[in-house]
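# A structural walkthrough
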Amino acid sequence: MKEQPSLLDAFRLDGRVAAITGGARGIGLATASLFTAAGARIVLLDIDAEAAAKAATGLGPLASSMQLDVSSEADVNRVFDEIASTCGGLDVLVNNAGIALRRASTELSLADWQRVVDVNMTGVFLCARAAAAHMLRRGSGAIVNTASIMGFSGGGLYPNISYQATKGAVVNMTRALAVEWAAGGIRVNAVAPTWVDTDFIGSLKTQPELMARIRAVTPMGRMAQPHEVANAILFLASPAAAMVTGHVLAVDGGFLAQ
Ligand code: NAD
């Protein structure tokens, strides 16, 4: 007897191919783990090739990895072409790699500013453009960018100008690409997480007073766990969000509602 389709099937990614940048750890890895559980074939893309390979092995046969620096145009184009040809196309891009250099603006060198711009803003554009080239050919695809509450907020707990500037750019790039590619069948959305318990905030976690202030400025009184962000990314990537594009979904315990 044929199995009845479930109402929840719209939240699955069976048979879809997904590339996840910054997939070796943190939010990217939690997303990869959820995507494989949802039936997707995933490719972890990370500048840290060793960690990405180890993570892919841990995720089982639906996962593989490739080294990629998202700020390198030539490498991005080559890697996305290779994914599309070896996997028979590309259905989902999670544009998630990101870095932060938290220091006073007057002490931020142009080189440091530029590195954050290259990874967080240019890297998101390069990967979206390379993925879209394949998705537009098939007339379908979903892109989910990882923005941040700092794409909407000036922060205040410590200086982080290049991060805030580039995450603000990711928010509006999400809207602009959603509009540009809607007729081509590509949905483009983003998540805007609050502080998430990953290596990314390792240096903040050693400062108990700062962590207390982070809890105090968050209505729900805690930071997020990586899987809580992954859940939102899966929704936006899945057919369940078929009519959702250009949206930035805050996963922030109420931070931006204040
Ligand atoms: P993480 O540091 O745990 O993981 C980031 C991954 O990106 C790492 O594996 C790293 O090797 C990879 N990476 C860095 N530069 C790269 C490059 N040039 N090319 C390819 N890969 C690169 O961080 P995370 O917390 O999982 O963050 C993922 C995303 O979420 C980032 O865009 C970050 O800005 C965003 N974010 C994080 C938080 C947080 O508090 N952790 C909050 C809001 C948004």
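Read on for an overview of the structure. (Residues numbered from 1 in each chain as written. Predicted model: local features only at pLDDT ≥ 70, side-chain atom pairs only at ≥ 80, totals over all residues. Heavy atoms only, no water.)

### What about the nonpolar core?
Core analysis: the largest hydrophobic core is formed by 37 residues, its most contacted members being Leu45, Phe80 and Ile83. Breaking this core down by element, the ones donating at least two residues are strand E1 (17-21), strand E2 (41-46), helix H3 (73-87), helix H4 (110-138), helix H5 (161-181) and strand E6 (186-193). Looking at this core, the element that brings in the most residues is H4, giving nine residues. Sequence-distant contacts of Leu45, defined by excluding residues within four places in its chain, comprise Ala19, Ile20, Thr21, Gly22, Gly23, Met66, Leu68, Val79, Phe80 and Ile83. Residues Phe35, Val92, Ala237 and Val251 belong to the second largest nonpolar core, which totals 26 residues. (Core = buried A, V, L, I, M, F, W, Y, C linked by side-chain atoms within 4.5 Å. Buried < 20%, exposed > 50% of the residue type's maximum accessible area, 1.4 Å probe, protein only. Helix = DSSP H or I, 4+ residues; strand = E, 2+ residues; numbered from the N terminus. Contact = heavy atoms within 4.5 Å.)

### Observations concerning the packing of helix H1 (residues 26-37) against helix H8 (residues 226-237)
Put simply, H1 and H8 touch, their axes get as near as 8 Å, and they point 55° apart. Regarding the angle of H1 to H8, the classification is oblique. The way H1 lies across H8 gives a crossing that is right-handed. Contact with H1, carried on its side by Gly26, Ile27, Ala30, Thr31, Leu34 and Phe35, involves Pro226, His227, Val229, Ala230, Asn231, Ile233, Leu234 and Ala237 of H8 and no other residues of that element. When the residues that make up the contact of H1 with H8 are grouped by side-chain class, the tally is 10 nonpolar, four polar and no charged. (Axes fitted to C-alpha atoms, helices over the stretch in contact; angles between N-to-C directions. Parallel < 35°, antiparallel > 145°, perpendicular 65-115°, else oblique. Left-handed = near helix turned anticlockwise from the far one by under 90°. Nonpolar A, V, L, I, M, F, W, Y, C, P; charged D, E, K, R; others polar.)

### A few points about the sheet that holds strand E7 (residues 248-251)
Taken in spatial order, the seven strands of this open sheet run E3-E2-E1-E4-E5-E6-E7, and their pairing is parallel. Each end of this open sheet is capped by a strand with a single partner; those strands are strand E3 (63-67) and E7. Averaged over all adjacent pairs, the angle separating strand axes in this sheet is 20°, with direction ignored. Bridge analysis of strand E4 (residues 92-95) against strand E5 (residues 141-146) gives four bridges, and the strand direction is parallel. The residue of E5 that forms the bridge with Val92 is Ala142. In this fold H5 packs onto E5, E6 and E7, with an angle of close to 160° to the strand it touches most, E6. (Pairing = 2+ DSSP bridges.)

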